[in-house]
Amino acid sequence: QALRRLGRKLVRRHPLEKVFEFETGVTLRTLDLVALGVGRTVGVGVYFLANEVASNQAGPSLVICFLVAGLTSMLAGLCYAEFSVRVPHPGSAYLYSFVTIGELWAFITGWNLILSFVADGFIVVQAWSLAFDILFANRISETLHESISEQVPQFFADNVNYFFVLFLFFFMEIQYVGRHGFFRIFEVFTLVKLLVLSFVIISGFIKGDLHNWKLTEEDYIQAGLNDTSRLGPLGSGGFMPFGFQGLLRGSASCFYTFIGFSVIVTRVKESHNPQRSIPMGIVISLLICFLVYFGVSAALTLMVPYYQLRPGSTLPELFLHIGWVPAYYVVVIVMFCNVFVYAYWSFTFPIRLVIYMMAEDLLLFPVLTRIRTHTCGRIIAIVIFVTIAAIMVFFFGITDLLDLRSFGTLISYSLIAFCVLIVRYQPKRRKEENEEALQENGGNKVQVQEEKEKLTLQGLFFPGSPTPTPLSGRVVYVCSSLLALLLTLLCLVLAHWPGLLSGDPGPITVVVLLLALITGVTGVIWRQPQSSTPLPFKVPALPLLPLLSIFVNVSLMMQMTAATWLRFGVWMLLGFALYFSYGI
């Protein structure tokens, strides 16, 4: 009985009538939602991440990396789109997992979102620092470095520009407390940003050289890179100089650039026709973002040989390579303005929102609700978050934070795909029912109904009811959990077992067995009755697309470094300690 009560607590679902609501007072059309999604997705990453990935991870195959990352985000976007019409409340992945698969998974999702948003805030700080340095020709860093390097340790001198930017963020966030009417300015800057990036794409096709996608060892020798000790890090030439492994690692890094479209589902109450405009906004914004990234990466690798891209360089520097200095300054100014607008949107706002929702649901301490309801609480939260960002300067590099941000988001996307797989096969949930009463008082009814339905092997593949029942819902829940485990094992084998490429029969046998099990369990889910509730949008090809989304997400997570997994593990241990000591 104790274990049963514990299990019920872990899977307790959020009552729909008690969902937290917030509004900004702005009415958004579909075009506004597309602008919001594109503006938040095509953010600071496009200006410095492409150079980093092309120089030491993927080379010209950077365009394929963006394709893989874009398809991964599109699969997740379809799942978000269904939930936006199924649960028409703002709240994103945290709310969707809470109303679908229960409290424990909601806490994991929310805890990961906090980690992701904290990392995102520091990434914006890094981008602002780069923008300041580029705009003033590195004079800020050089002047401050020369003036204080004799009085303080070298580490502080090297990172003083970060602290300078953190103070700017602090005053911006204080100003945010009374800010209104910023959305139209955001739309204008989004349009300007797209026009400038389109200019970058057109310039690439004008000044680009297709030979840069077919580099050979002779090109390295002519460029003075004929030392064998340096040729190894440059790859082997051609379109994929770093091989298939570099392509996968680059895809995991590029995934960060597609993070941001989920902000659309937090605007359900502001949208004019949410059941139509939210799905369209998600899909259209992701398509636009993919086309922009694909074009920019193609222009970059066509204009500049990938081995000439310096780690830490930014997108505008490609115009210096071809001698277009005025274009360089135009792109730098737009980059600076974009980072300013992106930061002015308030990088602590999403953190405070998630913490407030979790505190309202008593998964975190109730006193934390004051960070949204009280001005003093907001200011204290801002001071704490900015202090944490300053501390993170000492322990994490920009690539570490990019991986952490991507890792947390991949976890959230996988859980949303899992939720879609679960909720489509569950019996209809009455909106007015109370979850606690259902668990405590309705347990006997459910038990009697399950006694009437006996699970048999024939019933797994040929269910007797055309509509979902509690038994078929539990079958799908168990099978989906088993599939998540099998897909994780398959990704682990594919990522870390080199014997597959050499034709070793051992690893190949393991992969074949896993694929057979995955196929069989997927067949069981496919045969179960689906909910017939009419919705304006549903994920097509169920259960294949959600399973494909989970597989791709886990595959990208397997490309992360061991240090990233360790940091994520420490963060989750802290979260579980908090949940099982208080939240539960």
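What comes next is a walk through the structure. (Residues numbered from 1 in each chain as written. Predicted model: local features only at pLDDT ≥ 70, side-chain atom pairs only at ≥ 80, totals over all residues. Heavy atoms only, no water.)

### Quick word on the overall build of the protein chain
Here's step 1: Of regular secondary structure, the protein chain possesses 28 helices and zero strands.
Here's step 2: Within the span of the protein chain, comprising 584 residues, buried residues form 55% of the whole.
Here's step 3: Sequence separation of at least 24 residues holds for 83% of the intrachain contacts in the protein chain that already meet a minimum separation of 6.
Here's step 4: A total accessible area of about 25800 Å² is found for the protein chain, and carbon and sulfur atoms account for 67% of it. (Helix = DSSP H or I, 4+ residues; strand = E, 2+ residues; numbered from the N terminus. Buried < 20%, exposed > 50% of the residue type's maximum accessible area, 1.4 Å probe, protein only. Contact = heavy atoms within 4.5 Å. Areas by Shrake-Rupley, 256 points an atom, 1.4 Å probe, with all protein chains shown as cover.)

### Describing unusual backbone geometry
Here's step 1: Omega for the peptide link from Leu-542 to Pro-543 comes to 5°, which places this bond in the cis form.
Here's step 2: Phi is positive for Leu-362, close to 65°, though the residue is something other than glycine.
Here's step 3: With respect to the helices and strands, Leu-362 occurs in the loop between helix 17 (349-360) and helix 18 (370-373).
Here's step 4: Notably, Ala-541 is not glycine yet its phi reads approximately 55°, a positive angle.
Here's step 5: Looking at the element boundaries, Ala-541 is found in the loop between helix 26 (505-527) and helix 27 (544-558).

### Quick notes on the side chain of Arg-424
Here's step 1: Mapped onto the elements of the fold, Arg-424 is located in the loop between helix 20 (398-423) and helix 21 (435-440).
Here's step 2: In terms of polar contacts, Arg-424 uses its side chain to reach the side chain of Glu-82, at 2.8 Å.
Here's step 3: Filtering out sequence-adjacent residues up to four positions away, Arg-424 remains in contact with Glu-82, Arg-86, Gln-530, Ser-531, Lys-538, Val-539 and Leu-542. (Polar contact = N/O pair within 3.5 Å; in protein donor to acceptor, adjacent residues only side chain to side chain.)

### Considering the pattern of salt bridges
When their charged atoms lie close together, side chains carrying opposite charge are able to pair.
Here's step 1: Under the definition given, this model contains five salt bridges.
Here's step 2: Asp-32 serves as the salt-bridge partner of Arg-29, at 3.4 Å between the closest nitrogen and oxygen.
Here's step 3: Judged by relative accessible area, Asp-32 falls into the buried class, the value being 1%.
Here's step 4: A salt bridge links Glu-82 to Arg-424; the shortest N-O distance between them is 2.8 Å. Note that Glu-82 is positioned in helix 4 (residues 62-86) and Arg-424 in the loop between helix 20 and helix 21, a separation of 342 residues in sequence.
Here's step 5: Take Glu-82: its relative accessible area is 0%, and that puts it in the buried class. (Salt bridge = Lys/Arg side-chain N within 4 Å of Asp/Glu carboxyl O.)

### Thoughts on the state of the cysteines
Here's step 1: This structure, assessed with the given rule, holds zero disulfides.
Here's step 2: Free of any disulfide, Cys-419 has its nearest neighbouring cysteine sulfur in Cys-79, separated by 9.3 Å. (Disulfide = S-S within 2.5 Å.)

### Description of the environment of Ser-472
Here's step 1: Residue position: Ser-472 is located in helix 24 (residues 470-496).
Here's step 2: On the basis of relative accessible area, Ser-472 is assigned to the buried category, the value being 5%.
Here's step 3: For the pair Ser-472 and Gln-530, spaced 58 residues apart in the sequence, the C-alpha separation amounts to 9.4 Å.

### Things to note about the environment of Phe-199
Here's step 1: Mapped onto the elements, Phe-199 comes out in helix 10 (residues 183-207).
Here's step 2: The spacing of Phe-199 and Val-331 is 132 residues in sequence and 9.4 Å in space, taken between C-alpha atoms.
Here's step 3: With residues up to four places along the chain from it excluded, the contact list for Phe-199 reads Phe-319, Trp-324 and Ala-327.

### Digging into the nonpolar core
Here's step 1: Residues Tyr-80, Ile-114, Ile-282 and Leu-364 are the most contacted members of the largest nonpolar core, which totals 159 residues.
Here's step 2: Split by domain, the residues of this core number at least three in each of domain 1 (26-218 + 235-419) and domain 2 (468-583).
Here's step 3: Not counting residues up to four positions away in its chain, the partners in contact with Leu-364 are Phe-107, Trp-111, Ile-114, Ile-355, Met-358, Ala-359, Leu-578 and Tyr-582.
Here's step 4: Listed in part, the five residues of the second largest apolar core include Leu-215, Tyr-220, Phe-242 and Tyr-306. (Core = buried A, V, L, I, M, F, W, Y, C linked by side-chain atoms within 4.5 Å. Domains from an automatic or database assignment.)

### Focus: helix 3 (residues 45-58)
Here's step 1: The end-to-end C-alpha separation of helix 3 is 16 Å, well short of the 20 Å expected for 14 residues at 1.5 Å each.
Here's step 2: With 13 of 14 residues buried, helix 3 lies mostly within the body of the structure. (Expected span 1.5 Å × (residues − 1).)

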